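Inside the fold
The chain contents come next:
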Amino acid sequence: MSSTISIQEVLSYIRSDEGASDTFLIKFVRASGKKKGSIKTVAKARYGAVKPKDRGKGLPKPSENTPRLHVDAGTLPMTDTERNSYFTPLISHIIQFNQYKVIH
């Protein structure tokens, strides 16, 4: 992991049409909970909430204001496609995107 990428490039890519259909590896530092401060690795993440047909109990229902709320909170709505679970890492805590080290 010698190459680097800026957080702006990461955000631009995952929000693009090309990136929206791709899965990617993401690593971030947990900001809360019992495992606060540890690194979480999601091998097959996708930008956005779980698709309605895949939605299970307890998963949030997306609204029209969801992207705006995440931007205001400094988080990204993401889905772990292997576990079909929703997570929202802080943008400032993302440390790796695919094989690239993220620079803030």
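The following refers to the structure shown. (Residues numbered from 1 in each chain as written. Predicted model: local features only at pLDDT ≥ 70, side-chain atom pairs only at ≥ 80, totals over all residues. Heavy atoms only, no water.)

1. Description of the layout of surface pockets
What the largest pocket holds in volume is close to 220 Å³. Together, 14 residues line the largest pocket, and Phe 28, Arg 30, Lys 40, Phe 87 and Thr 88 are the ones closest to its centre. Those elements giving two or more residues to the lining of the largest pocket turn out to be β2 (24-29), β3 (39-47) and β5 (85-87). Of the residues in the lining of the largest pocket, the class split is 7 nonpolar, 4 polar and 3 charged. (1 Å grid on protein atoms, 1.4 Å probe; cavity = no way out; pocket = protein on both sides within 12 Å on 5 of 7 lines; lining within 4 Å. Points joined across faces, edges and corners; volume = space filled by probe spheres on them. Helix = DSSP H or I, 4+ residues; strand = E, 2+ residues; numbered from the N terminus. Nonpolar A, V, L, I, M, F, W, Y, C, P; charged D, E, K, R; others polar.)

2. Examining the pattern of salt bridges
Counted according to the given criterion, the structure contains 1 salt bridge. The closest approach of N and O atoms between Asp 80 and Arg 83, which form a salt bridge, is 3.2 Å. What makes Asp 80 buried here is its relative accessible area of 2%. Residue classification places Arg 83 among the exposed residues on the basis of a relative accessible area of 56%. (Salt bridge = Lys/Arg side-chain N within 4 Å of Asp/Glu carboxyl O. Buried < 20%, exposed > 50% of the residue type's maximum accessible area, 1.4 Å probe, protein only.)

3. So, the sheet that holds β3
On the basis of which strands lie adjacent, the open sheet formed by 7 strands has the order β1-β7-β6-β2-β3-β4-β5 and mixed pairing. Here the strands that pair on one side only, and so sit at the sheet edges, are β1 (4-6) and β5. Neighbour-to-neighbour, the strand axes of this sheet turn through a mean angle of 40°, independent of strand direction. Two strands pair when backbone bridges link them, and β2 and strand β6 (residues 94-97) are joined in this way by 3 bridges, in the antiparallel orientation. Bridged to Ile 26 within β6 is Phe 97. Along the sheet, helix α1 (residues 7-15) contacts β1, β2, β3, β4 (78-80), β6 and β7 (100-103); its crossing angle with β1, the most-contacted strand, is approximately 75°. (Pairing = 2+ DSSP bridges. Axes fitted to C-alpha atoms, helices over the stretch in contact; angles between N-to-C directions. Contact = heavy atoms within 4.5 Å.)

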